[in-house]
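A look at the structure
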Amino acid sequence: MKKFTTSLILFLPIILNGMNYSNGDTLSVVAINGLSVRSTPGTEGDRITILENSERVTIKDTSNSKNQADSIFGFLGSWVLIETKDKILGYVFDAF
């Protein structure tokens, strides 16, 4: 139990403050089953491709993330525009 409590305390600032990234940052996907890249922000957008776990993407635009909070599988987050290594542009849910 002590180890779990310590882990929770270490991650609590991340949970409370949300994601911390900016336009131009390169981040890794954390989604065991892959992460859908969509044509528009939201699950209604057409799926362009699926990114693999640990794949690197570049953040292109975070302006939409400030206005549109969402919840997927119990994770809270927002939609951000990214670019893949193959130069594909699309929106991903930033909780992953």
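For the structure itself, consult the block above.
Now for a description of the structure that goes with this document. Bear in mind that the values here come from a model prediction, so they are computed numbers and not experimental data. (Residues numbered from 1 in each chain as written. Predicted model: local features only at pLDDT ≥ 70, side-chain atom pairs only at ≥ 80, totals over all residues. Heavy atoms only, no water.)

Description of the nonpolar core
Counting residues in hydrophobic clusters, the biggest one holds 11 residues: Tyr21, Val29, Ala31, Leu35, Val37, Leu51, Val57, Ile59, Val80, Ile82 and Val92. If we skip the residues at most four places from it in the chain, Val29 touches Leu35, Leu51, Glu52, Asn53, Ser54, Glu55, Val57 and Phe96. Trp79, Tyr91, Phe93 and Ala95 belong to the second largest nonpolar core, which has five residues in total. (Core = buried A, V, L, I, M, F, W, Y, C linked by side-chain atoms within 4.5 Å. Buried < 20%, exposed > 50% of the residue type's maximum accessible area, 1.4 Å probe, protein only. Contact = heavy atoms within 4.5 Å.)

Some details on the pairing of strand β4 (residues 56-61)
Relative to β4, strand β1 (residues 26-28) runs antiparallel, the two being bridged by three bridges. Paired with Ser28 across the two strands is Arg56, which belongs to β4. As paired elements, β4 and strand β6 (residues 75-83) share three bridges and run antiparallel to each other. From the neighbouring strand, Thr58 faces β6, where its bridge partner is Glu83. (Pairing = 2+ DSSP bridges. Helix = DSSP H or I, 4+ residues; strand = E, 2+ residues; numbered from the N terminus.)

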